[in-house]
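# Secondary and tertiary structure notes
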Amino acid sequence: MSNQLKIGLPKGSLQDSTIKLFAKSGWKINLHHRNYFPDVNDDELNISMCRVQEISRYIEDGILDCGLAGRDWVLENKSDVVEISSLVYSKVSNRPARWILAVAGDSPYRTPEDLAGKKIATELLGATKEYFESKNIDVDVFYSWGATEAKVVEGLCDAIVEVTETGTTIKAHGLRVIDEVMSTNTVFIVNKDAWNDPWKRKKIENINLLLQGALRAEKMVGLKMNMPKASLEKAMKVMPSLNSPTVSDLSDPEWVSVEIMVEEVVVRELIPELIDMGAEGIIEYPLNKVI
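For every chain, the first residue of its written sequence is number 1, and the numbers climb from 1 along that sequence. Only residues with pLDDT of 70 or above have their local features reported here, since the model is predicted, and side-chain atom pairs are shown and tallied only from 80 upward, although totals for entire chains, interfaces and linings are computed over all residues. The basis for every side-chain value is the complete set of non-hydrogen atoms in the structure, without hydrogens or water.

- The name recorded for the protein in an unreviewed UniProt entry is ATP phosphoribosyltransferase, from Maridesulfovibrio salexigens.
- UniProt positions are given in the numbering used here, feature names are shortened, and annotations may be inferred rather than shown by experiment. What the UniProt record of the protein gives under Subcellular location (unreviewed entry) is the line "Cytoplasm".
- Among the UniProt annotations of the protein, the heading Function (unreviewed entry) holds the following wording: "Catalyzes the condensation of ATP and 5-phosphoribose 1-diphosphate to form N'-(5'-phosphoribosyl)-ATP (PR-ATP). Has a crucial role in the pathway because the rate of histidine biosynthesis seems to be controlled primarily by regulation of HisG enzymatic activity."

## Some remarks on helix H10 (residues 267-276)
- Of the residues making up H10, those classed as buried are Val267, Leu270 and Leu274. Within H10, the buried residues cover an arc of 65° as seen down the axis, which keeps them to one side. Of the exposed residues in H10, the ones pointing more than 90 degrees away from its buried face are Arg268, Glu269 and Asp276. Burial classes: relative accessible area under 20% of the type maximum marks a residue as buried, over 50% as exposed, and values in between as partly exposed (1.4 Å probe, protein chains only). Put simply, DSSP H or I for four residues or longer makes a helix, DSSP E for two residues or longer makes a strand, and each gets a number counted from the N terminus. The arc in question is traced by the directions running from the helix axis to the C-beta atoms.

## Quick look at the pairing of strand S9 (residues 140-143)
- Relative to S9, strand S8 (residues 119-122) runs parallel, the two sharing 4 bridges. Bridging from a neighbouring strand, Ala121 pairs with Phe142 of S9.
- Place the viewer so that the strands point away; then a crossover is right-handed whenever the path from the first strand over the helix to the second strand goes clockwise. With helix H4 (residues 125-134) bridging S8 and its parallel neighbour S9, the resulting β-α-β unit is right-handed. Here, any two strands with at least 2 DSSP bridges between them count as paired.

## A word on the sheet that holds strand S13 (residues 220-228)
- Strand order in the open sheet formed by 4 strands is S14-S15-S13-S16, and the pairing between neighbours is antiparallel. Only two strands of the sheet have a single partner each, and these edge strands are strand S14 (246-249) and strand S16 (280-286). Adjacent strand axes in the sheet meet at a mean angle of 15° when their direction is disregarded.
- Looking at chain direction, S14 and strand S15 (residues 255-263) are connected through 4 bridges and run antiparallel. When the sheet's bridge partners are listed, Thr246 is paired in S15 with Glu259.
- Contacts: residue pairs with any heavy atoms within 4.5 Å of one another. Between N-to-C directions, angles cover 0 to 180 degrees, with each direction set by a line fitted to C-alpha atoms, over the stretch in contact for helices. On top of the sheet, H10 reaches S13, S15 and S16; it is set at about 5° to S13, its chief contact.

## Quick notes on the pairing of strand S10 (residues 159-164)
- Across the 6 residues of S10, 5 count as buried, placing the element largely inside the fold.
- As defined by bridge partners, strand S7 (residues 97-104) adjoins S10 across 5 bridges and the pair is classed as antiparallel. Each bridged residue has a counterpart across the sheet, and for Trp99 the counterpart in S10 is Val163.
- Sheet topology note: the S8/S10 ladder contains 3 bridges and is parallel. Counted as the bridge partner of Ala121 is Ile160 from S10.

## Details of the nonpolar core
- Ranked by internal contacts, the top residues of the largest apolar core, which has 26 residues, are Ile7, Leu9, Phe22, Phe188 and Ile207.
- When contributions to this core are tallied by element, the ones reaching two or more residues are strand S1 (5-11), helix H1 (15-25), strand S4 (45-51), strand S5 (66-70), strand S12 (186-190), helix H7 (192-195) and helix H8 (198-218).
- What is meant by a nonpolar core is a set of buried Ala, Val, Leu, Ile, Met, Phe, Trp, Tyr and Cys residues, joined one to another through side-chain atoms within 4.5 Å. Residues Leu124, Ala127, Tyr131 and Val181 belong to the second largest nonpolar core, which totals 20 residues.

If you want it as structure tokens, here you go:
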């Protein structure tokens, strides 16, 4: 078809969470075994599943119009692309990941300066070299083809620069973090020519709007309840909401129906307070998107 947007999505560790995010946003992506080109319920989209390390290069070269990539790999590849939004989500923690400098737990090295003249293993080669150069520390940085955490344990290097979300894997290998090289998260990036195409730009903006709405909804829930009208003013002082609560009259003039959207983390404290104020029939429900 004439109007079709070529979008790259990350395969590997972010694949499942990305497909889930698109599903909440309205796009159902169906993967095929050993096939990098899944089906989607939108004839205007052409999806390619790619290694996250390569997506920004494909977008810069115009092979793809846009896609989701790690900011770390956009910087590593020095890709000349348009970043239109930041999307903080991951496979575990839904918070930015960190590239950290780590050494063995029993290592004598305590600071980056202690590693002068030592060997550093990493997959993020360019950024790691720039990090040490910015500190005027002369080290030997070499590329790690995987199992990076094990290299320092086995004595193949003196330190590593590796990405982590929670630090669990780092601790499991008995490593000690001595500095943070950079923080990173997923970004929505676009080829410059595609961004200047009116149809593609509008399509990209619509996708981004709904992705952001789905991410916002992940931290929120809806609450609906019946409440004595006499308690409403007091209740509204403790009810956080996106704007103000929706209040509707009921057939009983002494009661109202109240509906709010709140962050899920506050619900455990809020519901007992509302019950103490006379609220009844409290319903909590998940949200797909909050725009």
